Amino acid sequence: MGATPFEVPERESIELLQHETVGRLCVIEYGYPLAFPVNYRLMETGGSLRIVVRTTPRAAIARYEGPASFEVDHTDPDRLNAWSVIVRGELKRSVGLEEFPNTYPLLTEGRFQWIVLDVIAISGRRFTSAHDDAGFYADWEPATT
């Protein structure tokens, strides 16, 4: 018996992003994808969504500009369910006097560079699963909105 996947509507995916504070920002460095755990905040302004991150200017994510993705998920093995949201967009450094919400990074020293992921697409999935004789397992099925 495998997992039962459910498509997560865009509005619910946005709500899931709003309630979390840590995700993984994925960029390309030297031709290879890399995922970095970051503290973030989701901003909705003028009908546009943006994910903002505060980092050090020396970090790989601070030097990168271009296509990127962002992923947040949650697994609850006690209730046998999980969800995942993936965001795609364009990552850029912020070089203005824009007001961003505090992301409360775990590491604070030297974190004065803001980077912004302008959201282009969001996909979300939720699934429930079950224990079997081999233990916990689940099947992932992406759903786009």
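Procedures and definitions
Residues numbered from 1 in each chain as written. Predicted model: local features only at pLDDT ≥ 70, side-chain atom pairs only at ≥ 80, totals over all residues. Heavy atoms only, no water. Helix = DSSP H or I, 4+ residues; strand = E, 2+ residues; numbered from the N terminus. Buried < 20%, exposed > 50% of the residue type's maximum accessible area, 1.4 Å probe, protein only. Areas by Shrake-Rupley, 256 points an atom, 1.4 Å probe, with all protein chains shown as cover. Polar contact = N/O pair within 3.5 Å; in protein donor to acceptor, adjacent residues only side chain to side chain.

A. Region of interest: the overall build of the chain. Scanning the chain for helices and strands turns up two helices and 10 strands. Start at the N end of the chain and walk to the C end: the helices and strands fall as β-α-β-β-β-β-α-β-β-β-β-β. Every one of the 145 residues in the chain was classed for burial, and the buried ones make up 41%. When the accessible surface of the chain is split by element, carbon and sulfur atoms take 53% of a total near 8600 Å².

B. Main features of the environment of L91. Position of L91 among the secondary structure elements: in strand β7 (residues 81-93). Expressed as a C-alpha distance, the spacing of L91 and L25, which sit 66 residues apart in the sequence, is 9.7 Å.

C. Expanded view of the environment of E65. One can find E65 in the loop between α2 (60-63) and β6 (66-76). A C-alpha to C-alpha distance of 4.8 Å links E65 and K92, two positions 27 residues apart in sequence. Among the polar contacts made by the side chain of E65, one reaches the main-chain amide nitrogen of R93 at a distance of 3.0 Å.

D. Local environment of unusual backbone geometry. Positioned with a positive phi, Y30 is a non-glycine residue whose angle comes to about 55°. Within the element layout of this structure, Y30 appears in the loop between β2 (22-29) and β3 (32-39). Even without a glycine there, the phi angle at Y104 is positive, about 50°. By the element assignment, Y104 lies in the loop between β7 and β8 (113-128). Taking relative accessible area as the criterion, Y104 reaches 55% and is therefore assigned exposed.

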